[in-house]
Amino acid sequence: MARSQYAGGGRQASYAGHGTIEMTEAPAAAPGPGQVQIRVAYCGICGTDLHILHGAMDHRVRTPQPIGHEMSGTVEAVGAGVESIAVGAPVTVMPLDWCGDCPACTSGTQHICQNLDFVGIETTGAMQQLWTVPESIVVPLPEGTPLTHAALVEPLAVAAHDVRRSRLTPGETALVIGGGPIGQLIALVAARTGAHVIVAEPNAERRAFAARQGAIVVDPLNEDLAQIVQERTGGAGADVVFEVAGLAATALDATNHARTRGRLVMVAIHPKPVPIDLHRVFWRELELLGARVYEREDFDRAVDLVASGSLPCDEIISDVVPLDRTADAFERLADARALKVLVDVQN
Ligand SMILES: [Zn+2]
Ligand SMILES: [Zn+2]
(Lines give C-alpha, C1' and ligand atoms only; values in the text may rest on other atoms or scores of the structure.)
(Ligands and ions follow the chains in the order given, each with its own letter.)
Protein backbone atom coordinates (compact mmCIF):
# COMPACT_ATOMS: atom_id res chain seq x y z
CA MET A 1 0.00 0.00 0.00
CA ALA A 2 1.21 3.50 -0.74
CA ARG A 3 2.97 5.39 2.01
CA SER A 4 0.87 8.41 1.03
CA GLN A 5 -2.00 6.71 2.87
CA TYR A 6 -0.28 7.72 6.10
CA ALA A 7 -0.26 11.25 7.43
CA GLY A 8 -0.53 13.12 10.69
CA GLY A 9 -0.45 16.37 12.50
CA GLY A 10 -0.74 18.29 15.72
CA ARG A 11 2.24 18.12 18.06
CA GLN A 12 4.69 15.44 17.03
CA ALA A 13 7.74 13.73 18.53
CA SER A 14 9.88 13.12 15.47
CA TYR A 15 13.00 11.03 15.03
CA ALA A 16 15.44 13.52 13.52
CA GLY A 17 18.57 11.42 13.02
CA HIS A 18 20.95 9.57 15.30
CA GLY A 19 19.99 10.04 18.94
CA THR A 20 17.65 12.96 18.34
CA ILE A 21 13.95 13.38 19.06
CA GLU A 22 12.64 16.74 17.87
CA MET A 23 9.31 18.29 18.86
CA THR A 24 7.51 19.56 15.78
CA GLU A 25 4.02 20.75 14.94
CA ALA A 26 2.13 20.33 11.68
CA PRO A 27 -1.43 20.93 10.53
CA ALA A 28 -3.44 17.75 9.99
CA ALA A 29 -5.31 17.34 6.72
CA ALA A 30 -8.78 15.81 6.73
CA PRO A 31 -8.70 12.04 6.10
CA GLY A 32 -9.07 11.05 2.46
CA PRO A 33 -11.24 8.25 1.06
CA GLY A 34 -10.71 5.01 2.98
CA GLN A 35 -8.68 6.75 5.68
CA VAL A 36 -9.26 7.04 9.41
CA GLN A 37 -7.88 9.90 11.48
CA ILE A 38 -7.11 8.86 15.05
CA ARG A 39 -6.59 11.13 18.03
CA VAL A 40 -3.70 9.17 19.58
CA ALA A 41 -3.98 8.70 23.33
CA TYR A 42 -0.92 6.63 24.30
CA CYS A 43 2.06 5.27 22.41
CA GLY A 44 4.41 2.66 23.86
CA ILE A 45 8.12 2.57 23.14
CA CYS A 46 9.91 -0.69 22.42
CA GLY A 47 13.32 -2.04 21.50
CA THR A 48 12.65 -1.40 17.82
CA ASP A 49 12.04 2.30 18.53
CA LEU A 50 15.28 2.37 20.52
CA HIS A 51 17.11 0.85 17.53
CA ILE A 52 15.62 3.57 15.33
CA LEU A 53 16.73 6.28 17.76
CA HIS A 54 20.24 4.84 17.80
CA GLY A 55 20.39 5.19 14.01
CA ALA A 56 20.44 1.43 13.36
CA MET A 57 17.43 1.57 11.04
CA ASP A 58 18.17 4.74 9.06
CA HIS A 59 17.88 2.78 5.81
CA ARG A 60 14.16 2.30 6.61
CA VAL A 61 13.16 5.56 8.31
CA ARG A 62 12.98 8.99 6.73
CA THR A 63 13.83 12.02 8.86
CA PRO A 64 12.32 13.89 10.51
CA GLN A 65 9.48 11.46 11.08
CA PRO A 66 7.24 10.64 14.04
CA ILE A 67 7.80 6.98 14.90
CA GLY A 68 5.81 4.70 17.23
CA HIS A 69 3.58 1.68 16.53
CA GLU A 70 2.22 0.54 19.93
CA MET A 71 -0.74 2.84 20.35
CA SER A 72 -4.29 3.48 21.40
CA GLY A 73 -6.66 6.33 20.64
CA THR A 74 -10.12 7.35 19.51
CA VAL A 75 -11.39 7.98 16.00
CA GLU A 76 -11.38 11.72 15.29
CA ALA A 77 -12.66 11.70 11.70
CA VAL A 78 -13.25 9.25 8.87
CA GLY A 79 -12.87 9.69 5.11
CA ALA A 80 -15.38 8.85 2.40
CA GLY A 81 -16.35 5.21 2.20
CA VAL A 82 -15.22 4.26 5.71
CA GLU A 83 -17.97 2.13 7.18
CA SER A 84 -16.37 -0.29 9.61
CA ILE A 85 -15.54 2.32 12.24
CA ALA A 86 -17.28 5.42 13.61
CA VAL A 87 -16.07 8.74 15.01
CA GLY A 88 -15.43 8.47 18.76
CA ALA A 89 -14.70 4.72 18.73
CA PRO A 90 -11.72 3.51 20.80
CA VAL A 91 -9.17 1.86 18.53
CA THR A 92 -5.68 0.53 18.10
CA VAL A 93 -3.75 -0.19 14.91
CA MET A 94 -2.19 -3.40 13.62
CA PRO A 95 0.89 -1.76 12.10
CA LEU A 96 1.49 -4.07 9.13
CA ASP A 97 0.99 -3.00 5.56
CA TRP A 98 1.37 -5.87 3.09
CA CYS A 99 1.37 -5.80 -0.72
CA GLY A 100 -1.23 -8.52 -1.26
CA ASP A 101 0.45 -9.80 -4.42
CA CYS A 102 3.71 -11.52 -3.45
CA PRO A 103 4.06 -15.31 -2.86
CA ALA A 104 3.95 -14.79 0.93
CA CYS A 105 0.71 -12.81 0.66
CA THR A 106 -1.01 -15.11 -1.82
CA SER A 107 -0.17 -18.15 0.32
CA GLY A 108 -1.86 -16.69 3.40
CA THR A 109 1.13 -15.28 5.28
CA GLN A 110 0.52 -11.59 4.60
CA HIS A 111 2.08 -10.66 7.96
CA ILE A 112 5.48 -11.70 6.57
CA CYS A 113 4.83 -10.21 3.13
CA GLN A 114 7.99 -10.06 1.03
CA ASN A 115 7.37 -6.34 0.53
CA LEU A 116 6.08 -5.58 4.02
CA ASP A 117 5.93 -1.99 5.23
CA PHE A 118 5.98 -1.74 9.00
CA VAL A 119 3.78 1.18 9.99
CA GLY A 120 5.72 3.59 12.20
CA ILE A 121 9.03 2.60 10.59
CA GLU A 122 8.53 2.82 6.83
CA THR A 123 5.63 5.24 7.40
CA THR A 124 4.88 8.10 9.78
CA GLY A 125 4.03 6.67 13.21
CA ALA A 126 1.84 7.26 16.24
CA MET A 127 3.88 9.74 18.27
CA GLN A 128 1.72 12.61 17.07
CA GLN A 129 -1.62 13.92 18.23
CA LEU A 130 -3.52 13.17 15.02
CA TRP A 131 -2.59 10.12 12.96
CA THR A 132 -4.20 9.16 9.66
CA VAL A 133 -4.02 5.53 8.54
CA PRO A 134 -5.92 3.28 6.12
CA GLU A 135 -9.15 1.80 7.50
CA SER A 136 -7.84 -1.73 6.85
CA ILE A 137 -5.32 -1.60 9.70
CA VAL A 138 -7.59 -0.03 12.35
CA VAL A 139 -8.65 -2.47 15.08
CA PRO A 140 -11.67 -1.55 17.21
CA LEU A 141 -11.47 -1.96 20.99
CA PRO A 142 -14.32 -2.96 23.29
CA GLU A 143 -15.89 0.12 24.93
CA GLY A 144 -14.41 0.73 28.35
CA THR A 145 -10.97 -0.70 27.62
CA PRO A 146 -8.52 1.64 29.40
CA LEU A 147 -6.49 3.35 26.68
CA THR A 148 -3.30 3.00 28.71
CA HIS A 149 -3.79 -0.79 28.71
CA ALA A 150 -4.76 -0.79 25.03
CA ALA A 151 -1.31 0.57 24.13
CA LEU A 152 -0.03 -2.88 25.21
CA VAL A 153 -2.07 -4.73 22.57
CA GLU A 154 0.66 -4.66 19.90
CA PRO A 155 3.48 -6.17 22.00
CA LEU A 156 0.98 -8.59 23.52
CA ALA A 157 0.03 -9.68 19.99
CA VAL A 158 3.71 -10.49 19.41
CA ALA A 159 3.58 -12.74 22.47
CA ALA A 160 0.28 -14.31 21.38
CA HIS A 161 1.82 -15.11 18.00
CA ASP A 162 4.93 -16.65 19.57
CA VAL A 163 2.78 -18.85 21.81
CA ARG A 164 0.51 -19.88 18.93
CA ARG A 165 3.53 -20.75 16.78
CA SER A 166 4.75 -23.01 19.60
CA ARG A 167 1.46 -25.01 19.63
CA LEU A 168 1.60 -24.85 23.42
CA THR A 169 -1.21 -26.79 25.12
CA PRO A 170 -2.56 -26.78 28.68
CA GLY A 171 -0.42 -28.74 31.10
CA GLU A 172 2.78 -28.37 29.07
CA THR A 173 5.88 -26.68 30.43
CA ALA A 174 7.20 -23.56 28.72
CA LEU A 175 10.67 -22.18 29.40
CA VAL A 176 11.07 -18.49 28.60
CA ILE A 177 14.73 -17.48 28.29
CA GLY A 178 14.84 -13.71 28.86
CA GLY A 179 12.38 -11.78 31.03
CA GLY A 180 12.33 -8.43 29.23
CA PRO A 181 9.03 -6.91 28.07
CA ILE A 182 8.30 -9.50 25.36
CA GLY A 183 9.51 -12.42 27.50
CA GLN A 184 7.18 -11.35 30.32
CA LEU A 185 4.24 -11.05 27.92
CA ILE A 186 5.00 -14.52 26.49
CA ALA A 187 5.05 -15.88 30.06
CA LEU A 188 1.66 -14.28 30.73
CA VAL A 189 0.10 -15.63 27.52
CA ALA A 190 1.63 -19.07 28.13
CA ALA A 191 0.19 -19.13 31.66
CA ARG A 192 -3.24 -18.16 30.31
CA THR A 193 -2.89 -21.00 27.82
CA GLY A 194 -2.68 -23.31 30.82
CA ALA A 195 1.04 -24.04 30.72
CA HIS A 196 3.53 -24.27 33.57
CA VAL A 197 5.96 -21.41 33.02
CA ILE A 198 9.63 -21.10 33.91
CA VAL A 199 11.32 -17.74 33.31
CA ALA A 200 15.13 -17.48 33.19
CA GLU A 201 16.22 -13.87 33.74
CA PRO A 202 19.30 -12.37 35.43
CA ASN A 203 17.60 -9.11 36.53
CA ALA A 204 16.14 -9.50 40.04
CA GLU A 205 13.25 -7.04 39.55
CA ARG A 206 12.17 -8.73 36.36
CA ARG A 207 12.36 -12.11 38.09
CA ALA A 208 10.24 -10.74 40.92
CA PHE A 209 7.60 -9.55 38.42
CA ALA A 210 7.46 -12.99 36.75
CA ALA A 211 7.25 -14.70 40.14
CA ARG A 212 4.29 -12.50 41.14
CA GLN A 213 2.54 -13.72 37.99
CA GLY A 214 3.02 -17.32 39.10
CA ALA A 215 6.08 -18.33 37.06
CA ILE A 216 8.96 -20.38 38.42
CA VAL A 217 11.91 -18.02 38.14
CA VAL A 218 15.58 -18.84 37.68
CA ASP A 219 18.65 -16.63 37.83
CA PRO A 220 20.71 -18.23 35.06
CA LEU A 221 23.91 -16.58 36.26
CA ASN A 222 23.73 -18.00 39.77
CA GLU A 223 21.49 -21.05 39.48
CA ASP A 224 21.68 -24.22 37.40
CA LEU A 225 18.94 -23.69 34.81
CA ALA A 226 19.35 -27.16 33.29
CA GLN A 227 18.97 -28.83 36.66
CA ILE A 228 15.88 -26.79 37.57
CA VAL A 229 14.20 -27.53 34.23
CA GLN A 230 14.97 -31.23 34.69
CA GLU A 231 13.52 -31.22 38.20
CA ARG A 232 10.37 -29.42 37.12
CA THR A 233 9.74 -31.75 34.18
CA GLY A 234 10.55 -35.15 35.69
CA GLY A 235 13.78 -35.30 33.73
CA ALA A 236 12.06 -34.72 30.38
CA GLY A 237 12.91 -31.10 29.57
CA ALA A 238 10.52 -28.31 28.60
CA ASP A 239 7.88 -28.93 25.94
CA VAL A 240 8.53 -25.47 24.52
CA VAL A 241 11.52 -23.16 24.83
CA PHE A 242 11.21 -19.49 23.86
CA GLU A 243 14.57 -17.84 23.13
CA VAL A 244 13.87 -14.19 23.88
CA ALA A 245 17.20 -13.02 25.33
CA GLY A 246 18.83 -12.62 21.93
CA LEU A 247 22.33 -13.60 23.00
CA ALA A 248 24.55 -16.06 21.12
CA ALA A 249 25.05 -17.95 24.40
CA THR A 250 21.31 -18.29 25.12
CA ALA A 251 20.57 -19.40 21.55
CA LEU A 252 23.24 -22.08 21.86
CA ASP A 253 21.97 -23.16 25.29
CA ALA A 254 18.26 -23.22 24.34
CA THR A 255 18.42 -26.69 22.77
CA ASN A 256 19.69 -28.15 26.06
CA HIS A 257 16.39 -27.53 27.84
CA ALA A 258 13.88 -28.99 25.37
CA ARG A 259 12.37 -32.45 25.76
CA THR A 260 12.46 -34.99 22.94
CA ARG A 261 10.43 -33.55 20.06
CA GLY A 262 10.26 -30.27 21.97
CA ARG A 263 9.66 -27.01 20.12
CA LEU A 264 11.99 -24.02 20.18
CA VAL A 265 10.65 -20.64 19.17
CA MET A 266 13.30 -18.14 18.15
CA VAL A 267 11.67 -14.89 19.29
CA ALA A 268 14.68 -12.59 19.63
CA ILE A 269 16.10 -10.84 16.60
CA HIS A 270 19.66 -12.05 16.05
CA PRO A 271 21.12 -9.60 13.53
CA LYS A 272 24.10 -11.91 12.87
CA PRO A 273 24.20 -15.70 12.44
CA VAL A 274 24.78 -17.50 15.75
CA PRO A 275 25.64 -21.17 16.42
CA ILE A 276 22.84 -23.64 17.16
CA ASP A 277 23.49 -27.15 18.49
CA LEU A 278 22.22 -29.06 15.47
CA HIS A 279 23.39 -32.36 16.92
CA ARG A 280 20.96 -31.80 19.76
CA VAL A 281 18.23 -30.92 17.23
CA PHE A 282 18.95 -34.24 15.46
CA TRP A 283 19.30 -36.33 18.62
CA ARG A 284 16.10 -35.16 20.28
CA GLU A 285 14.11 -34.53 17.07
CA LEU A 286 13.62 -30.91 18.09
CA GLU A 287 11.65 -28.40 16.08
CA LEU A 288 13.09 -24.95 15.48
CA LEU A 289 10.39 -22.35 14.76
CA GLY A 290 10.69 -18.78 13.54
CA ALA A 291 8.11 -16.24 14.70
CA ARG A 292 7.77 -12.71 13.42
CA VAL A 293 5.17 -10.09 14.34
CA TYR A 294 1.56 -11.38 14.37
CA GLU A 295 -1.51 -12.28 12.39
CA ARG A 296 -4.94 -10.76 12.88
CA GLU A 297 -6.07 -13.61 15.16
CA ASP A 298 -3.12 -12.88 17.45
CA PHE A 299 -4.11 -9.22 17.53
CA ASP A 300 -7.68 -10.17 18.35
CA ARG A 301 -6.50 -12.44 21.17
CA ALA A 302 -4.37 -9.60 22.53
CA VAL A 303 -7.37 -7.24 22.45
CA ASP A 304 -9.45 -9.85 24.30
CA LEU A 305 -6.74 -10.39 26.91
CA VAL A 306 -6.36 -6.66 27.58
CA ALA A 307 -10.12 -6.07 27.63
CA SER A 308 -10.65 -8.98 30.03
CA GLY A 309 -8.86 -6.98 32.71
CA SER A 310 -7.04 -10.12 33.86
CA LEU A 311 -3.55 -8.98 32.93
CA PRO A 312 -1.36 -6.92 35.29
CA CYS A 313 -1.28 -4.05 32.78
CA ASP A 314 -0.72 -1.32 35.38
CA GLU A 315 2.28 -3.21 36.68
CA ILE A 316 3.69 -3.70 33.17
CA ILE A 317 3.46 0.06 32.51
CA SER A 318 6.47 1.38 34.40
CA ASP A 319 5.95 5.00 33.47
CA VAL A 320 3.73 7.38 31.46
CA VAL A 321 5.40 10.58 30.23
CA PRO A 322 3.98 13.56 28.32
CA LEU A 323 4.74 13.93 24.60
CA ASP A 324 7.21 16.79 25.18
CA ARG A 325 9.30 14.42 27.29
CA THR A 326 9.49 11.61 24.71
CA ALA A 327 13.30 11.80 24.75
CA ASP A 328 13.25 11.13 28.52
CA ALA A 329 10.91 8.21 27.92
CA PHE A 330 13.56 6.62 25.69
CA GLU A 331 16.11 7.04 28.44
CA ARG A 332 13.76 5.55 30.97
CA LEU A 333 13.34 2.51 28.72
CA ALA A 334 17.08 2.00 28.43
CA ASP A 335 16.98 1.35 32.20
CA ALA A 336 16.59 -2.43 32.47
CA ARG A 337 14.11 -2.12 35.35
CA ALA A 338 11.42 -0.58 33.14
CA LEU A 339 9.09 -2.99 31.37
CA LYS A 340 6.97 -0.61 29.30
CA VAL A 341 7.09 3.18 29.04
CA LEU A 342 4.14 4.99 27.45
CA VAL A 343 4.03 8.44 25.92
CA ASP A 344 0.86 10.39 26.77
CA VAL A 345 0.48 11.92 23.33
CA GLN A 346 -2.21 14.53 24.13
CA ASN A 347 -0.36 15.96 27.14
ZN1 LIG B 1 7.27 -2.52 19.21
ZN1 LIG C 1 3.14 -9.31 -0.11
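Predicted model, so just to flag it, every value in this text is computed and none were measured. (Residues numbered from 1 in each chain as written. Chains lettered and ligands numbered in written order. Predicted model: local features only at pLDDT ≥ 70, side-chain atom pairs only at ≥ 80, totals over all residues. Heavy atoms only, no water.)

### Digging into the coordination of the zinc ion (ligand 1)
Protein-derived coordination of the zinc ion (ligand 1) comes from Cys46 (SG), His69 (NE2) and Glu70 (OE), at a distance range of 2.1 to 2.3 Å. When the donor residues of the zinc ion (ligand 1) are listed from N- to C-terminus, their spacing reads C-x22-H-E. Here His69 lies in the loop between β4 (65-66) and β5 (70-78) and Cys46 lies in the loop between β3 (35-45) and α1 (47-53), a separation of 23 residues in the sequence. Each member of the pair, Cys46 as well as His69, carries the same accessibility label: buried. (Donors = N, O, S within 2.8 Å, 3.2 Å for Na, K, Ca; no water. Helix = DSSP H or I, 4+ residues; strand = E, 2+ residues; numbered from the N terminus. Buried < 20%, exposed > 50% of the residue type's maximum accessible area, 1.4 Å probe, protein only.)

### Thoughts on the sheet that holds strand β13 (residues 216-218)
With parallel pairing, 6 strands are arranged side by side in an open sheet as β13-β12-β11-β14-β15-β16. Only two strands of the sheet have a single neighbouring strand rather than two, namely β13 and β16 (287-290). The mean inter-strand angle of the sheet, taken between neighbouring strand axes irrespective of direction, is 20 degrees. (Pairing = 2+ DSSP bridges. Axes fitted to C-alpha atoms, helices over the stretch in contact; angles between N-to-C directions.)

### Structural notes on the pattern of salt bridges
When the charged atoms of two side chains lie near each other, side chains of opposite charge can form a pair. By the definition in use, this model includes 17 salt bridges. Salt-bridge contacts for Glu295 lead to Arg164; the nearest nitrogen and oxygen are separated by 3.0 Å. Here Glu295 is found in the loop between β16 and α10 (296-307), whereas its partner Arg164 is found in helix α4 (residues 153-166), with 131 residues between them in sequence. Classification of Arg164 by relative accessible area gives partly exposed; the value is 34%. For Glu172, the salt bridge goes to Arg259, with nearest N and O atoms at 3.8 Å. Here the residue Glu172 occupies a position in the loop between α4 and β11 (173-177), and Arg259 occupies one in strand β15 (residues 258-266), the gap between them amounting to 87 residues. Glu172 gets classed as buried once you look at its relative accessible area, which sits at 11%. (Salt bridge = Lys/Arg side-chain N within 4 Å of Asp/Glu carboxyl O.)

### So, the environment of Asp117
Relative to the assigned elements, Asp117 resides in strand β8 (residues 117-118). Assessed through its relative accessible area of 12%, Asp117 is described here as buried.

### Comments concerning the coordination of the zinc ion (ligand 2)
Looking at the zinc ion (ligand 2), one finds its protein donor set to be Cys99 (SG), Cys102 (SG), Cys105 (SG) and Cys113 (SG), positioned 2.3 to 2.4 Å from the metal centre. Coordination at the zinc ion (ligand 2) comes from 4 donor atoms whose angles at the metal span 102 to 120 degrees, giving a geometry best classed as tetrahedral. (Tetrahedral: all angles 85-135°; square planar, octahedral: opposite > 155°, others 65-115°.)

### Observations regarding the nonpolar core
Residues Phe242 and Tyr294 are the most contacted members of the largest nonpolar core, which totals 95 residues. Each of two domains, domain 1 (3-152 + 311-344) and domain 2 (156-290), supplies a minimum of three residues to this core. Grouped together as the second largest cluster of nonpolar side chains are 17 residues, Leu175, Val218, Ile228 and Ala238 included. (Core = buried A, V, L, I, M, F, W, Y, C linked by side-chain atoms within 4.5 Å. Domains from an automatic or database assignment.)

### A closer look at α10
For an α-helix, 3.6 residues make a turn, and residues three or four places apart therefore share a direction. In a regular helix each residue adds 1.5 Å, so 12 residues correspond to 16 Å; α10 covers 16 Å between its end C-alpha atoms and thus fits that length. Where α10 is concerned, the buried positions are Asp298, Phe299, Ala302, Val303, Leu305 and Val306. Along the axis of α10, the buried residues cluster in a sector spanning 165 degrees; they form a single face. Turning to α10, the residues buried within the fold contact β6 (90-93), β10 (138-140), α3 (147-150), α4 and α5 (181-192). One or two positions beyond α10, positive phi appears at Gly309, with a value near 75 degrees. (Expected span 1.5 Å × (residues − 1). Arc of directions from axis to C-beta. Contact = heavy atoms within 4.5 Å.)

### A few points about unusual backbone geometry
With an omega of -10 degrees, the peptide bond between Thr63 and Pro64 qualifies as cis. Locating Pro64 in the fold gives a position in the loop between α1 and β4. The phi angle at Arg167 is positive, at roughly 55 degrees, despite the residue not being glycine. Inspection of the secondary structure puts Arg167 in the loop between α4 and β11. The phi dihedral of Glu285 falls on the positive side, at around 50 degrees, and the residue is not glycine.

### So, the packing of α4 against α5
One way to put it is that α4 packs onto α5 with a least axis distance of 8 Å and a crossing angle of 60 degrees. Relative to α5, the element α4 lies oblique. You can see that α4 and α5 cross each other, and the crossing is right-handed. Residue-level inspection shows Pro155, Leu156, Val158, Ala159, Ala160, Asp162 and Val163 of α4 in contact with α5, the latter providing Ile182, Leu185, Ile186, Val189 and Ala190. Its residues assigned to classes, the contact of α4 with α5 comprises 11 nonpolar, no polar and 1 charged. (Parallel < 35°, antiparallel > 145°, perpendicular 65-115°, else oblique. Left-handed = near helix turned anticlockwise from the far one by under 90°. Nonpolar A, V, L, I, M, F, W, Y, C, P; charged D, E, K, R; others polar.)

### As for the domain arrangement of the protein
Entries for the protein in the domain assignment read domain 1 (3-152 + 311-344) and domain 2 (156-290). One C-alpha centre belongs to domain 1, the other to domain 2; they are set 29 Å apart. Domain 1 puts 10 residues into the contact, and the matching count from domain 2 is 15 residues. Carbon and sulfur atoms supply 62% of the area that domain 1 and domain 2 bury against each other, a total of about 1100 Å² over both sides. Three residues stand out in domain 1 for area buried against domain 2, namely Leu311, Glu315 and Leu339, and they jointly supply 46% of the buried area on that side. The interface formed by domain 1 and domain 2 contains 1 salt bridge. On inspection of domain 1 and its partner domain 2, the count reaches 3 residue pairs in polar contact (both at pLDDT 80 or more). Grouping the amino acids of the side of domain 1 that touches domain 2 by side-chain chemistry returns 7 nonpolar, 1 polar and 2 charged. (Buried area = accessible area lost by both parts, 1.4 Å probe. Polar contact = N/O pair within 3.5 Å; in protein donor to acceptor, adjacent residues only side chain to side chain.)

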